[in-house]
Amino acid sequence: MRGLSIELAILLFTTMLCICKATGNLHPLILVPGSGGNQLEARLTTGYKPLGLLCNRWYPISKDKQGVETRVPEFGSTDSLLYLNPNLKQLTAYMAPLVDSLEEIGYVSGETLFGAPYDFRYGLAAEGHPSHVGTKFLEDLKDLIEKASASNGGKPVILLSHSLGGLYVLQLLNRNSPCWRQRFIKHFVALSAPWGGTVQEMLTFASGNSFGVPLVDPLLVRGEQRSSESNLWLMPSPKLFGPEKTLVITPNEAYSALDIPQFLNDIGFPEGVVPYKSRILPLTEALPAPNVSVTCIFGTGLKTPETLLYGKAGFDKQPEVIYGDGDGTVNLVSLMALESLWNLDKRQPLKLIGISGISHTSILEDSAALEEIIAEISSINSEARVKISFG
């Protein structure tokens, strides 16, 4: 750049940096949503039999088999993550504010920004146990990572998850080789990840949980909630909550995280005991460090269920709740779990960012939270800078 004026040289330098930021200097980024965080499509088959008498007006009672097919739309795209119902965008926005913020720093959907929706009703299982839907999702996610990297000049990928999505990502990383992780993963950013489960999940299994939706009886949804594999995965981890902390108290029993098999039996869900002990416990007991850079961002300082008190009416009545610290859904001990689990592993880069007053879901839309997330993503991208030499 000899012979140029200093002012022109500075102008060219600034322009090149801006171009770099907007295009070539961004690592591809994949969003992995939490439970209930993407659209699912369903259709009735000829074998469908409605449960309500009103609906039988349209579907004759003579049909004796239920038939509902579901599918996850638009894998690889962010479209199904933006709004849970595209016809009610203002009421059902999910990752739309986050995607808007990412696009402001130069990300482009379908080019450098991708989405990995999945059927969140299903979970994973310990080695040796089938989990066809969950395992297929990990295979698809791995393929998406490799394709996103290849279409961006071989740059490794940033994985940005919310809630349950973080558990899936950690399993993906630890189920692939160190060489694969080193080649394809730049950084893993986990938002509101329930590494050790939540006490609230015990309430969901015991009494049902309407999550504040008006006119919904929790008992009406309890059966469906118990049938979800991923919900069982979110029960409090004995390794993190320990035997000393009492989580549920009834007139006759007190349950810690170590007593969850007995708890499942006592609430009238004995069919959950064997899957919990054989499929879920091994997953929650082992959370090895993947030896890739990890950042956990989460809310703190909100009332979060810590102990559930049941009276003589039993589990069909909502309990009295004693609250502790967390993000309103996930307990702080679970949000910060990786710090205690990985603190002795010098090969594992780990950063924790707590944001006071931010809830489990508002982390995806609150301006202060979005600023923190975007600052972290920008910092990760800035680690690879184009060097410009003035000869």
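Residues numbered from 1 in each chain as written. Predicted model: local features only at pLDDT ≥ 70, side-chain atom pairs only at ≥ 80, totals over all residues. Heavy atoms only, no water.

Engineer: An account of the overall build of the protein is needed here, citing residue identities and associated values.
Structural biologist: Across its full length, the protein carries 16 helices and 12 strands. Residue burial in the protein is summarised as follows: out of 391 residues, 47% are buried. Sequence separation of 24 or more characterises 73% of the internal contacts of the protein that already satisfy a separation of 6 or more. Roughly 19300 Å² of accessible area belongs to the protein as shown, and the carbon and sulfur atoms make up 55% of that amount. (Helix = DSSP H or I, 4+ residues; strand = E, 2+ residues; numbered from the N terminus. Buried < 20%, exposed > 50% of the residue type's maximum accessible area, 1.4 Å probe, protein only. Contact = heavy atoms within 4.5 Å. Areas by Shrake-Rupley, 256 points an atom, 1.4 Å probe, with all protein chains shown as cover.)

Engineer: Provide a residue-level description of the pairing of strand S6 (residues 185-191), including the pertinent values.
Structural biologist: Most of S6 is tucked away: six of the seven residues are buried. Examined bridge by bridge, strand S5 (residues 157-162) and S6 share six bridges and lie parallel to one another. Note on S6: the bridge partner recorded for Ser-161 is Ala-190. Pairing of S6 with strand S9 (residues 294-300) involves four bridges; the strand directions are parallel. Considered in S9, the bridge of Ala-190 is made with Cys-296. (Pairing = 2+ DSSP bridges.)

Engineer: Which residues make up the sheet that holds strand S1 (residues 29-32), and what values go with them?
Structural biologist: As a general point, the strands of a sheet are linked pairwise by backbone hydrogen bonds and lie either parallel or antiparallel. Sheet architecture is open: six strands sit in the order S4-S1-S5-S6-S9-S12, paired in parallel fashion. Unpaired on one side and paired on the other, strand S4 (113-115) and strand S12 (350-356) mark the two borders of the sheet. Between one strand axis and the next, the sheet turns through 15 degrees on average, direction left out of account. Where helix H6 (residues 164-174) meets the sheet, it contacts S1, S5 and S6, and its direction lies at approximately 140 degrees from that of S5. (Axes fitted to C-alpha atoms, helices over the stretch in contact; angles between N-to-C directions.)

Engineer: Which residues make up the packing of aromatic side chains, and what values do they have?
Structural biologist: Counted under the stated rule, the structure contains 11 aromatic pairs. Relative to Tyr-168, the ring of Phe-137 has its centre 5.3 Å away and its plane inclined at 90 degrees; by these criteria the two rings are edge-to-face. Of the two residues, Phe-137 is situated in helix H5 (residues 132-150) and Tyr-168 in helix H6; the sequence distance between them amounts to 31 residues. A residue is classified by how much of its surface remains accessible, and Tyr-168, at 1% relative accessible area, is buried. Centre to centre, the rings of Tyr-168 and Trp-233 are 5.2 Å apart; their planes meet at 80 degrees, and the pair counts as edge-to-face. Taken together, the residues span a long stretch of sequence, with Tyr-168 in helix H6 and Trp-233 in helix H10 (residues 229-233) at a distance of 65 residues. (Phe/Tyr/Trp six-rings, centres within 6.5 Å; stacked < 30°, edge-to-face > 60°.)

Engineer: Which residues make up the nonpolar core, and what are the values?
Structural biologist: The biggest cluster of nonpolar side chains holds 68 residues, and the ones touching the most others in it are Ile-30, Ile-145, Leu-159, Trp-195, Met-235, Phe-263 and Leu-264. For this core, the element with the highest residue contribution is H6, accounting for seven residues. With 30 residues, the next largest nonpolar core counts Ala-96, Leu-191, Ile-353 and Ala-369 among its residues. (Core = buried A, V, L, I, M, F, W, Y, C linked by side-chain atoms within 4.5 Å.)

Engineer: Go over the confidence of the model for the protein, please, and point to the residues and values.
Structural biologist: For the protein, mean pLDDT is 88; residues scoring 70 or higher make up 86% of the total. Low pLDDT, under 50, characterises residues 51-64; the predicted model gives this stretch 12 contacts beyond four residues in sequence or across chains. (pLDDT = per-residue confidence, 0-100.)

Engineer: So, unusual backbone geometry: which residues are in play, and what are the values?
Structural biologist: Its identity as a non-glycine residue notwithstanding, Ser-192 has a phi of 55 degrees, on the positive side. Relative to the helices and strands, Ser-192 is located in the loop between S6 and helix H8 (200-207). Judged by relative accessible area, which is 0%, Ser-192 ranks as buried. Of note in this structure, Asn-291 is not a glycine but carries a positive phi near 60 degrees. Among the structural elements, Asn-291 can be located in the loop between helix H13 (273-285) and S9. For Asn-291, a relative accessible area of 29% translates into the label partly exposed.

Engineer: Mind laying out the pairing of S1, listing which residues take part and the relevant values?
Structural biologist: Burial along S1 is two-sided: Leu-29 and Leu-31 facing one way and Ile-30 and Val-32 facing the other are all buried. Note that S1 and S4 share three bridges and pair parallel. Bridge pairing in S4 places Leu-29 opposite Leu-113. Looking at chain direction, S1 and S5 are connected through four bridges and run parallel. Each bridged residue has a counterpart across the sheet, and for Leu-29 the counterpart in S5 is Ile-158.

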